[in-house]
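Below are the chains, spelled out letter by letter.
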Amino acid sequence: MKKPSIAMTIAGSDSGGGAGIQADLKTFHQRGVYGTSALTAITAQNTQGVHGVHVMTPEFVADQIRVVLDDLPADAVKTGMLANASIIQAVGEQLRKHQATKLVIDPVMVAKGGAKLLQDEAIQALLTQLLPQAHIITPNLPEAEVLVGRTIQNVADMKEAAKYLHEYGVAHVVMKGGHMLDHQLTDLLFDGQYFHEVEHERINTRHTHGTGCTFSACLTAELAKGADAVTAFHTAQQFIVMAIQTAPNLGFGQGPTNHWVQLPL
Ligand SMILES: Nc1ncnc2c1ncn2[C@@H]1O[C@H](COP(=O)(O)OP(=O)(O)OP(=O)(O)O)[C@@H](O)[C@H]1O
Ligand SMILES: Cc1ncc(COP(=O)(O)O)c(N)n1
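What counts, and at which threshold
Residues numbered from 1 in each chain as written. Chains lettered and ligands numbered in written order. Predicted model: local features only at pLDDT ≥ 70, side-chain atom pairs only at ≥ 80, totals over all residues. Heavy atoms only, no water. Near = heavy atom within 4 Å. Polar contact = N/O pair within 3.5 Å; in protein donor to acceptor, adjacent residues only side chain to side chain. Areas by Shrake-Rupley, 256 points an atom, 1.4 Å probe, with all protein chains shown as cover. Helix = DSSP H or I, 4+ residues; strand = E, 2+ residues; numbered from the N terminus. Nonpolar A, V, L, I, M, F, W, Y, C, P; charged D, E, K, R; others polar. Buried < 20%, exposed > 50% of the residue type's maximum accessible area, 1.4 Å probe, protein only. Pairing = 2+ DSSP bridges. Right-handed = clockwise from strand over helix to strand, strands pointing away. Disulfide = S-S within 2.5 Å. UniProt positions renumbered as here; feature names shortened; annotations may be inferred. Expected span 1.5 Å × (residues − 1). Arc of directions from axis to C-beta. Contact = heavy atoms within 4.5 Å.

## What to know about the site of ligand 2
Taken together, 13 residues sit near ligand 2, with Gly12, Gln45, Lys112, His209 and Gly210 positioned nearest. The contact in question runs from a nitrogen atom of ligand 2 to an N or O atom on the side chain of glutamine 45, over 2.8 Å. Between ligand 2 and lysine 112, the relevant distance is 2.9 Å, taken from an oxygen atom to a main-chain nitrogen or oxygen of the residue. Calculation on ligand 2 without its partners gives an accessible area of 360 Å², and the protein chains cover 94% of this total.

## Considerations on the site of ligand 1
Taken together, the neighbourhood of ligand 1 is formed by 18 residues, with Lys112, Asn140, Lys176, His179 and Asp187 sitting nearest. At a separation of 3.0 Å, an oxygen atom of ligand 1 approaches a polar side-chain atom of histidine 200. Between ligand 1 and the protein, one listed contact pairs an oxygen atom with a backbone N or O atom of cysteine 213 at 3.5 Å. Protein burial of ligand 1: of its 620 Å² of free accessible surface, 95% is covered by the chains. Put simply, the parts of the chain that give the shell around ligand 1 at least two residues each are strand 8 (184–190), strand 9 (195–201), helix 7 (211–224) and helix 8 (229–245). Per element, the largest residue contribution to the shell around ligand 1 is three residues, and it comes from helix 7. Considering only residue class, the shell around ligand 1 consists of five nonpolar, eight polar and five charged.

## A word on unusual backbone geometry
Phi at glutamine 99 takes a positive value of approximately 45 degrees, unusual for a residue other than glycine. One can find glutamine 99 in the loop between helix 3 (85–97) and strand 5 (103–105). Positive phi, close to 60 degrees, is recorded for asparagine 249, a residue that is not glycine. Structurally, the position occupied by asparagine 249 is in the segment after helix 8. Classification of asparagine 249 as exposed rests on a relative accessible area of 53%.

## A word on the pairing of strand 2 (residues 34–46)
Bridge count for strand 1 (residues 6–14) against strand 2 is nine bridges, and the pairing is parallel. Bridging from a neighbouring strand, serine 13 pairs with isoleucine 42 of strand 2. Regarding the hand of the β-α-β motif, the stretch spanning strand 1, helix 1 (residues 20–30) and strand 2 is right-handed. With six bridges connecting them, strand 2 and strand 3 (residues 49–55) associate as antiparallel partners. Within strand 3, the residue paired with alanine 41 across the bridge is valine 55. Once strand 2 ends, the chain turns through two residues before running back antiparallel as strand 3.

## Overview of the state of the cysteines
Two cysteines whose sulfur atoms are joined by a covalent bond form what is called a disulfide. A full pass over the atoms with the stated rule returns zero disulfides. Free cysteine cysteine 213: the closest other cysteine sulfur is in cysteine 218, separated by 13 Å. Classification of cysteine 213 by relative accessible area gives buried; the value is 14%.

## Description of the pairing of strand 9
Summarising the sheet, strand 8 and strand 9 pair through seven bridges and their orientation is antiparallel. When the bridges of strand 9 are listed, leucine 185 appears paired with histidine 200. If you look at the hairpin formed by strand 8 and strand 9, you'll find four residues sitting between the two strands, and glycine 192 has a positive phi there, around 100 degrees.

## Notes on the UniProt feature "domain: Pyridoxamine kinase/Phosphomethylpyrimidine kinase" (unreviewed entry) in the protein
Within this numbering scheme, the UniProt entry marks residues 14–258 as carrying the feature "domain: Pyridoxamine kinase/Phosphomethylpyrimidine kinase" (unreviewed entry). Taken end to end, residues 14–258 has its terminal C-alpha atoms 16 Å apart, with 40% of it in helix and 20% in strand.

## Comments concerning helix 2 (residues 58–71)
Counted at 1.5 Å a residue, the expected span for helix 2 with its 14 residues is 20 Å, and the 20 Å between its end C-alpha atoms agrees. For helix 2, the full list of buried residues reads Val61, Ala62, Gln64, Ile65, Val68 and Leu69. Each buried residue of helix 2 sits inside an arc of 160 degrees when the element is viewed along its axis, so together they form one side. Structural note: helix 2 exposes Glu59, Asp70 and Asp71 on the side pointing more than 90 degrees away from its buried face. Looking at the buried residues of helix 2, the elements they touch are strand 1, strand 2 and helix 3.

Laid out in structure tokens, this is it:
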């Protein structure tokens, strides 16, 4: 067998399997890369919500990253739920030590059901400790509003917010429009010079649990295989739309998307 590319996820466990580490590993596998992981927290979660959270110590998060990267160097790394500032600091230190490149930050803050997955005091740590070394950050609109401290109501606001986040040193900003109120959704990528926009129709469904995790995992998998950021963005965008369209209709709440989407590798 030809050696596969390796993608690593540093995130929380979603016991329901639709978001978090589980969504990331399923998506990595489906996109043909070998997935590794470091857990930041365990949630007791299903499609109806988060019923409990058990956060790892920063030392143990650092241990997982260290032993994995010492043995299985990642071609790309993504972060999801990071829980608190001490974990962010530990993650930043380990990734710098291992000179991890192609880092994708999905700044997960709140679950769709409303549960908090990142402490408020940790926002500054995310901006100053992870953004300068990141290749791509992928906020949804509420996350972008918190990160820039302004409301975002339209595509012009999204572009301003993307420029603001780019100033922190991240190479590309992907702003996801899943939370727009319109019938038409816009996702965009800013590379410091140009904006790349994708407009698509909102799919009317309750099965959107883990859309952000699945999208950023696909993006990370494509980077691991050597795609440039713009190509990876377009593939991830196509992947998530197909995953929502063909969701397996599981659970009594907001169900997972279809991680078995077939797209050329
Ligand atoms: N109802 C929908 N119809 C079509 N595309 C959608 C829909 N909801 C989300 N998307 C797409 O899914 C991707 C993820 O966007 P979204 O804004 O939902 O992320 P998110 O809020 O971080 O997800 P989550 O918090 O559930 O992990 C984007 O490409 C967005 O356009
Ligand atoms: C462990 C973990 N990570 C991320 C999410 C965000 O996903 P969503 O916003 O769809 O609930 C989640 N619910 N759980």
